[in-house]
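Observations on chain architecture
The residues making up each chain are set out below.
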2 protein chains.
Amino acid sequence: MEREIIDIAKRIFKFEEEDAGFFKFGDAYIVIANDMLSRSFDFPSKLLPKQIGWKAVTASVSDLAAMGAKPIYFSYSLGLSREEISFVEDLMKGIREALDFYGMKFLSGDTNESTELVLDSVAVGIARNLLLRSNAKVGDAVCVTGDLGRAYCSLLYLLEKVEEIEEKILEKFLKPVARVDEGLKLANIANSAIDVSDGLSKELNLLANSSGVMIKVFEDRIPIREEVLEFCTSNNLNPIEVALNSGEEYELLFTVSKDKLEDLDFEFSIIGEVSKGEGVFLVGKEKKPLLPAGWEHFSSK
Amino acid sequence: MEREIIDIAKRIFKFEEEDAGFFKFGDAYIVIANDMLSRSFDFPSKLLPKQIGWKAVTASVSDLAAMGAKPIYFSYSLGLSREEISFVEDLMKGIREALDFYGMKFLSGDTNESTELVLDSVAVGIARNLLLRSNAKVGDAVCVTGDLGRAYCSLLYLLEKVEEIEEKILEKFLKPVARVDEGLKLANIANSAIDVSDGLSKELNLLANSSGVMIKVFEDRIPIREEVLEFCTSNNLNPIEVALNSGEEYELLFTVSKDKLEDLDFEFSIIGEVSKGEGVFLVGKEKKPLLPAGWEHFSSK
């Protein structure tokens with residue numbers, strides 16, 4: 001459904017899909033990321049209002065990070081039902097805590113009545129060099145920061161599909177951190193980037209399509225933590241599937257010329273390479289196409 | 001309820017309430033207005049998707065106009081239920097039509113699943129001089145562009161509280177126009193401004209409180225069109241009450257030094273004056289305090 005709507009929007013508004021909107025002003029780019037989250041569809045009921053506030057800021061800041069922008073200002077539009085008023089104070093404290101963490105200033109807030117909590121975060125940043133998803137070059141290494149899979153496992157737990165989970169897995173989902181410093185460094189070094197908000201398989205396809213290239217990813221290079229491997233074993237899940245479909249990771253997927261890899265002074269994994277052609281391929285025992293929704297959500301192997 | 005939430009937000013984020021957020025960049029101000037509308041609470045069911053799109057853009061552009069900013073860029077976040085997908089194309093055409101009318105460029109769109117249509121409009125503008133609601137001066141004339149009351153009458157009709165209405169009344173509600181040119185002119189001349197989105201009585205109180213002044217408004221100076229007077233007579237309504245409580249008018253309420261009134265080359269009405277003190281008073285046969293919600297919505301006299 002989302003794809004269908006985006007295609008209508010692209011036809012009517014004629015724009016390139018990026019992580020955020022941007023325009024040049026003087027010698028810099030003003031980058032504006034807006035990200036809407038609604039209670040029924042984005043927040044497991046176990047999530048506390050404070051955690052919702054933090055996550056909403058991180059989601060929009062992560063879009064700025066993927067564009068190589070420094071986050072500076074924040075606004076929100078909030079829709080709320082009368083029954084949810086008790087949420088507001090803690091929700092705003094969560095937003096406040098995140099703004100302090102990212103060093104952002106508050107611009108303005110808009111409040112409305114709606115059928116259920118809907119929070120649209122608007123993060124504004126400034127970039128000297130823009131990092132686009134449409135600029136991956138043939139020969140680039142494909143890399144990703146941090147680790148993947150913890151958010152997916154956490155969601156299974158919070159939706160009560162599994163009974164137990166390690167704190168170290170859950171913490172990344174409850175209080176995710178956008179890769180702001182990495183994004184700023186990548187702006188001067190990498191060729192392209194996108195943030196992992198909807199799952200690696202989907203982001204890889206967006207990157208390949210936008211850049212008009214083929215991407216090969218090696219199964220055994222995907223960074224998965226020991227706790228996630230154990231969680232998958234216990235719950236009969238395929239850890240590669242989990243890592244590929246895990247959204248809300250807020251890691252940066254990026255491509256960089258191989259001769260510049262040594263300029264990157266933060267932790268990341270090289271998971272694949274860019275070549276001529278189109279599509280995304282996953283290379284394990286065999287090589288197979290990796291589609292945007294490669295597996296059904298919440299399928300077990 | 002809204003007031004309560006705004007007060008929590010002001011305590012946590014420590015900001016001044018203005019029509020939009022803004023920050024200085026180089027020698028200009030970047031002004032960002034976000035305005036969320038949800039289907040159950042903001043759109044009578046008779047409103048067409050295209051009209052919703054137009055209105056959403058106008059609502060955020062009107063906030064820029066009230067700050068003296070020129071609207072330039074637009075983004076949206078859209079939440080939608082599966083049942084509302086057929087809306088999307090026309091909704092976006094309405095947005096597109098408004099962007100063309102205001103001469104704005106499209107930045108980006110974010111799409112989400114939600115329980116019902118929620119549209120957050122983000123309009124970005126640039127101002128050389130900022131027009132604030134906190135800067136009304138003692139001695140200023142209090143003025144308003146256009147006419148008031150048509151939106152309220154239209155709402156009564158669209159909500160099926162009355163059976164008949166003249167097209168000339170309805171057209172302002174179905175396709176409102178933000179006062180962009182007036183706002184740009186006022187930025188160099190007026191002392192303060194606010195847009196009439198929630199009703200004149202509420203905006204007058206916001207202006208007086210933000211500026212720390214008293215405002216007197218003369219009942220017989222409030223601009224009400226002949227059609228509205230007739231509509232009120234037919235439906236046993238008090239036209240002054242209607243004009244004071246009519247939201248979504250998108251007129252500009254502003255204060256200006258009396259010796260600069262002749263510099264204003266567009267149509268407006270002088271409805272009152274700013275003096276020392278606090279509060280808002282309505283002067284008719286007698287002088288009485290005008291509270292933010294002076295009358296119950298949809299009350300008849």
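Since the model is a prediction, treat every value here as computed from it, not as a measurement. (Residues numbered from 1 in each chain as written. Chains lettered and ligands numbered in written order. Predicted model: local features only at pLDDT ≥ 70, side-chain atom pairs only at ≥ 80, totals over all residues. Heavy atoms only, no water.)

Residue and element names in this part refer to chain A. Taken in spatial order, the five strands of this open sheet run β1-β2-β5-β3-β4, and their pairing is mixed. Looking at the sheet topology across the chains shown, the edges are occupied by β1 (21-25) and β4 (105-113). Neighbour-to-neighbour, the strand axes of this sheet turn through a mean angle of 15°, independent of strand direction. Of the pairings in the sheet, the one linking strand β2 (residues 28-38) to strand β5 (residues 118-127) comprises 10 bridges and is antiparallel in character. Each bridged residue has a counterpart across the sheet, and for Ile30 the counterpart in β5 is Ile126. (Pairing = 2+ DSSP bridges. Helix = DSSP H or I, 4+ residues; strand = E, 2+ residues; numbered from the N terminus. Axes fitted to C-alpha atoms, helices over the stretch in contact; angles between N-to-C directions.)

Moving on, we get to the side chain of Ser81 of chain B. With respect to the element layout, Ser81 of chain B can be found in the loop between β3 (70-80) and α4 (88-102). The contact partners of Ser81 of chain B, leaving out residues within four places of it in the chain, are Ser114, Thr115 and Glu116 of chain B. (Contact = heavy atoms within 4.5 Å.)

Attention now moves to the UniProt feature "binding site: Mg(2+) 5" (unreviewed entry) in chain A. All names here are of chain A. In the numbering adopted here, UniProt assigns the feature "binding site: Mg(2+) 5" (unreviewed entry) to Asp198. With respect to the helices, strands and loops of the structure, Asp198 is situated in the loop between β7 (192-195) and α8 (200-211). Of the residues examined, Asp198 reaches a relative accessible area of 37% and is grouped as partly exposed. Other than its neighbours up to four places away in sequence, Asp198 contacts Glu203, Gly247 and Glu248. A polar side-chain atom of Asp198 sits 3.1 Å from a polar atom in the side chain of Lys202. (UniProt positions renumbered as here; feature names shortened; annotations may be inferred. Buried < 20%, exposed > 50% of the residue type's maximum accessible area, 1.4 Å probe, protein only. Polar contact = N/O pair within 3.5 Å; in protein donor to acceptor, adjacent residues only side chain to side chain.)

Applying the stated criterion across every chain, the model contains 54 salt bridges over all chains. Where Glu171 of chain B meets Arg150 of chain B, a salt bridge forms, and the shortest distance between an N and an O atom there is 4.0 Å. With a gap of 21 residues between them, Glu171 of chain B in helix α6 (residues 167-174) and Arg150 of chain B in helix α5 (residues 150-158) connect regions that are remote in the sequence. Judged by relative accessible area, which is 7%, Arg150 of chain B ranks as buried. Several salt bridges converge on common partners, so that one network encompasses Asp147, Arg150, Glu171, Lys172, Arg179, Glu182, Glu249 and Glu251 of chain A. (Salt bridge = Lys/Arg side-chain N within 4 Å of Asp/Glu carboxyl O.)

A few words now on helix α7 (residues 180-187) of chain A. Among all positions in α7 of chain A, only Val180, Glu182, Gly183, Leu186 and Ala187 of chain A are buried. For α7 of chain A, the buried positions fall inside an angular range of 160° around the axis, keeping them on one side. (Arc of directions from axis to C-beta.)

What follows is about the relation of the copies chain A and chain B. Structural alignment of chain A on chain B gives an RMSD of 0.0 Å, achieved by rotating through 180° and translating 0.0 Å along the axis. The relationship between the two copies is best expressed as a two-fold rotation axis. (Least-squares fit on C-alpha atoms with pLDDT ≥ 70 in both.)

To continue, consider the nonpolar core. By size, the foremost hydrophobic cluster in this structure holds 82 residues, and its most contacted members are Phe13 of chain A together with Tyr76, Met92, Ile215 and Ile222 of chain B. The leading source of residues in this core is α4 of chain B, at seven residues. If sequence neighbours within four positions are ignored, Ile215 of chain B has contacts with Val142, Leu204, Leu207, Ala208, Glu273, Val274, Gly279, Val280 and Phe281 of chain B. (Core = buried A, V, L, I, M, F, W, Y, C linked by side-chain atoms within 4.5 Å.)

Take the pairing of strand β3 (residues 70-80) of chain A next. Put simply, side chains in a regular strand alternate between the two faces of the sheet. Residue and element names in this part refer to chain A. A large share of β3 lies buried, amounting to 10 of its 11 residues. Relative to β5, β3 runs antiparallel, the two being bridged by nine bridges. Counted as the bridge partner of Tyr76 is Ser121 from β5. Relative to β4, β3 runs parallel, the two sharing eight bridges. Each bridged residue has a counterpart across the sheet, and for Phe74 the counterpart in β4 is Phe106. In this region the chain leaves β3, passes through helix α4 (residues 88-102) and returns to the parallel neighbour β4; the handedness of that crossover is right-handed. (Right-handed = clockwise from strand over helix to strand, strands pointing away.)

Below, the discussion takes up the domain arrangement of chain A. Residue and element names in this part refer to chain A. Domain boundaries assigned for chain A yield domain 1 (2-127) and domain 2 (141-289). Once you take the C-alpha centre of each, domain 1 and domain 2 turn out to be 22 Å apart. Buried surface at the junction of domain 1 and domain 2, both sides included, amounts to about 2000 Å², of which 59% is carbon and sulfur. Of all residues in domain 1, the largest losses of buried area upon contact with domain 2 belong to Pro44, Lys46 and Lys55, amounting jointly to 26% of the total for that side. Between domain 1 and domain 2 we count three salt bridges in total. In this structure, Lys55 engages Glu248 in a salt bridge whose closest nitrogen and oxygen atoms are separated by 2.7 Å. There are eight residue pairs in polar contact (both at pLDDT 80 or more) connecting domain 1 and domain 2. Sorting the residues of the side of domain 1 that touches domain 2 by element identifies α1 (2-13), α3 (49-66), β3 and α4 as the ones contributing at least two each. A per-element tally of the side of domain 1 that touches domain 2 places α3 first, with 10 residues. Of the residues belonging to the side of domain 1 that touches domain 2, the class tally is 11 nonpolar, four polar and 10 charged. (Domains from an automatic or database assignment. Buried area = accessible area lost by both parts, 1.4 Å probe. Nonpolar A, V, L, I, M, F, W, Y, C, P; charged D, E, K, R; others polar.)

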